[in-house]
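Structural description and commentary
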Amino acid sequence: MIPTVEWKDMKVRMIDQTLLPIEVIYREYSDYREVVSAIKNLVVRGAPAIGVTAAMAVALGAQEIKVESTGDFLRRLEPVCDEIASARPTAVNLFWAIQRMKSFAERNRDLSVREIKEALIRESVRIGEEDIAVNRAMGRYGAEFIHDNHTILTHCNAGSLATACFGTALGVIYTAHEQGKKIRVFADETRPVLQGARLTAWELMQEGIDVTLITDNMAGHFMKQGMIDLVIVGTDRTVANGDVANKIGTYSVAVLAKEHGIPFYVAAPTSTIDLSMPSGEHIPIEERDSREVTHIFNKTQIAPEGVKVANPAFDVTPARYITAIITEKGAFYPGDIHKMKDPGADLEKIRIHPGLKPQ
Ligand code: MRU
């Protein structure tokens, strides 16, 4: 499986996801400002991958700070972090990773500036390594819900490319495949940026998984035909009441799944859980450039010149449409997700197991 982003020779190296699957090209950045642009322009995308990349951007930015005292260093790190935080608004992993890097630097203020800079690089690499371990654990819990001969619908790309490696929703599918289960995947193309067609279909084919590409408006048809056994998607932000924000179109898929009695699962590493927000309407939804809608690949125009366009990149799926949220600590009902970060909660008691009926 291709790693999405890595720290190499004092640079951040990533596969350019804007060119996939036509071209497989790697970019290397030594300036954190270029990494911010890469996040904005979707060279790297997907909530966990954005988090890992943001952490590496902080590490890169830290190397530029030429001061003697730790206090000055920490002060100068602030605007660097603020600039990185401005890259995209919806995926909470971006803010989570920046906060983790800042707290790490703060905790290590007794070290010299040179030592903190080195330690920040190691911490960013660790965030990437932990992401892969989390995805593996989530995959094991999630695969319990997948049986032989299941056909799974997914939306957008919550795969290896959306994480440091392995994926969240696709990580569950990869795990089921590794376990020898015979499965099929239907991938929504995911207009307007086509993460499903360009990335999910490509990734699954590379791993030898049977994938059928459909346009977004076909999902209901195949559900009605009885061809979909379950839906699994990722999330950019999971809030206290179990609502989730994910790629635009996820909400429609969830409503369709409920109408057809099909389980709808969300794979959510704890890095996407934001308990500071009580419900989904508080989640900031990114509005992207209208050219994503009016043009194909920023080249071929497909809509009248000057037409009004709306282009929200994400929507919110209310908890009532979600059968279970799969995390690296187990699967939970959306209503229990707020207990996940409670050190006193007995997760064993609230964890749910396969065989459950859609809520
Ligand atoms: O705009 P993108 O491509 O960054 O949107 C990505 C998604 O919506 C993913 O489904 C989400 O980040 C979960 S990825 C594991």
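Before any of the text, the structure's been laid out above.
Let us look at the structure shown here. Every chain's residues receive numbers from 1 upward, in the order its sequence appears when written. A pLDDT threshold of at least 70 governs which residues receive local features in this predicted model, and a stricter bar of 80 or more applies before side-chain atom pairs are shown or counted, although totals over entire chains, interfaces and linings include all residues. Water and hydrogen atoms were dropped before computing side-chain values, which therefore reflect all heavy atoms in the structure.

Re the overall build of the chain
Rules: Helical segments are the DSSP runs of H or I of at least four residues, strand segments are the runs of E of at least two, and each set is numbered from the N terminus. For a compact globule the rule gives 2.2 Å times the number of residues to the power 0.38, and the radius of gyration it is set against comes from C-alpha atoms. In what follows, a contact means two residues having at least one pair of non-hydrogen atoms within 4.5 Å. Here the accessible surface of atoms and residues is derived via Shrake-Rupley with a 1.4 Å probe, and residues count as covered only by protein chains that are part of the display.
Within the chain, the regular secondary structure consists of 11 helices and 16 strands. Relative to the 2.2 N^0.38 estimate, which gives 21 Å for 359 residues, the radius of gyration of the chain is 20 Å and therefore close to what a compact globule would have. For the chain, the spread of C-alpha atoms along the principal axes amounts to about 65 × 55 × 40 Å. Taking the contacts inside the chain whose residues are at least 6 apart along the sequence as the reference set, 74% of them involve residues at least 24 apart. Carbon together with sulfur atoms contributes 51% to the accessible area of the chain, which is approximately 15000 Å² in total.

Side note on the side chain of T270
Inclusion rule: Think of a polar contact as two N or O atoms within 3.5 Å of one another; within protein, one of them needs to be a possible hydrogen donor and the other a possible acceptor, and neighboring residues in sequence only count if both atoms come from side chains.
Inspection of the secondary structure puts T270 in the loop between β10 (264–267) and β11 (273–274). A polar atom in the side chain of T270 sits 2.3 Å from the side chain of E328. When residues no more than four places from it in sequence are discounted, the contact partners of T270 are E328, K329, M340 and K341.

Some thoughts on the sheet that holds strand β2 (residues 11–15)
The following threshold applies: In this scheme, strands are said to pair when DSSP sees at least two bridges between them. Comment: axis = line fitted to C-alpha atoms, over the contacting stretch for helices; angle = value between 0 and 180 degrees taken between N-to-C directions.
Read across the open sheet, the three strands follow the order β1-β2-β3; overall the sheet is antiparallel. Where the open sheet ends on each side, the last strands, each with one partner, are β1 (5–8) and β3 (26–29). Averaged over all neighbouring strand pairs, the angle between strand axes comes to 25°, with direction disregarded. When β1 meets β2, the two strands line up antiparallel, connected through four bridges. Residue pairing across strands places E6 opposite R13, the latter belonging to β2. Against the sheet, helix α2 (residues 47–64) touches β1, β2 and β3, its axis set at about 20° to β1.

Side note on the packing of aromatic side chains
What counts here: For Phe, Tyr and Trp, where Trp contributes only its six-membered ring, two rings pair if their centres lie within 6.5 Å, and the inter-plane angle classes them as stacked under 30 degrees, edge-to-face over 60, or tilted in between. When accessible area is computed with a 1.4 Å probe and restricted to protein chains, residues below 20% of their type maximum are described as buried, those above 50% as exposed, and intermediate ones as partly exposed.
Considering all chains together, one arrives at four aromatic pairs under this definition. Considering the side-chain rings of F145 and Y265, the 5.0 Å spacing of their centres and the 40° angle between planes classify their relative orientation as tilted. With a gap of 120 residues between them, F145 in the loop between α5 (113–143) and β4 (150–154) and Y265 in strand β10 connect regions that are remote in the sequence. Relative accessible area serves as the criterion here: at 5%, F145 is assigned to the buried category.

Observations concerning the pattern of salt bridges
Side-chain pairing between opposite charges can occur once the charged atoms of the two side chains come close. What counts is decided by this rule: Salt bridge, as used here, is a side-chain nitrogen of Lys or Arg placed within 4 Å of a carboxyl oxygen of Asp or Glu.
For the structure on display, the rule yields 20 salt bridges. We note a salt bridge from E286 to R88, for which the minimum N-O separation is 2.8 Å. In this pair, E286 sits in the loop between β11 and α10 (291–294) while R88 sits in the loop between α3 (70–85) and α4 (92–107), placing the two residues 198 residues apart along the sequence. Taking the relative accessible area as the measure of exposure, E286 reaches 8% and is therefore buried. The buried category is assigned to R88, whose relative accessible area is 6%.

Notes on the sheet that holds β4
The seven strands are arranged β6-β5-β4-β7-β10-β15-β16 in an open sheet whose pairing can be described as mixed. The sheet is open, and its two edges are formed by β6 (210–214) and β16 (330–332), each paired on a single side. Each strand axis lies, on average, 25° off the axis of its neighbour in the sheet, ignoring direction. As paired strands, β10 and strand β15 (residues 324–327) are joined by three bridges and run parallel to one another. Of the residues in β15, the one forming a bridge with Y265 is A324. Against the sheet, α5 makes contact with β10, β15 and β16, and its axis sits at roughly 145° relative to β15, the strand it touches most. Packed onto the sheet, helix α9 (residues 250–259) meets β4, β5 (183–188), β7 (230–233) and β10 and runs at close to 145° relative to β10.

Things to note about the site of the ligand
This is how the line gets drawn: Think of it this way: one heavy atom of a residue within 4 Å of a molecule or strand is enough to make that residue near it.
As a matter of local geometry, the ligand sits amid 17 residues, with R45, A47, R88, N246 and K247 nearest to it. Taking R45, its side chain carries an N or O atom lying 2.8 Å from an oxygen atom of the ligand. Backbone polar atom of A47 to an oxygen atom of the ligand: 2.8 Å apart, as the coordinates give it. Out of a free accessible area of 410 Å², the ligand has 99% covered by protein chains. Among the elements of the structure, α2 and β9 (244–247) are those that each provide at least two residues to the shell around the ligand.

Keep in mind these numbers describe shape, not what the thing actually does.
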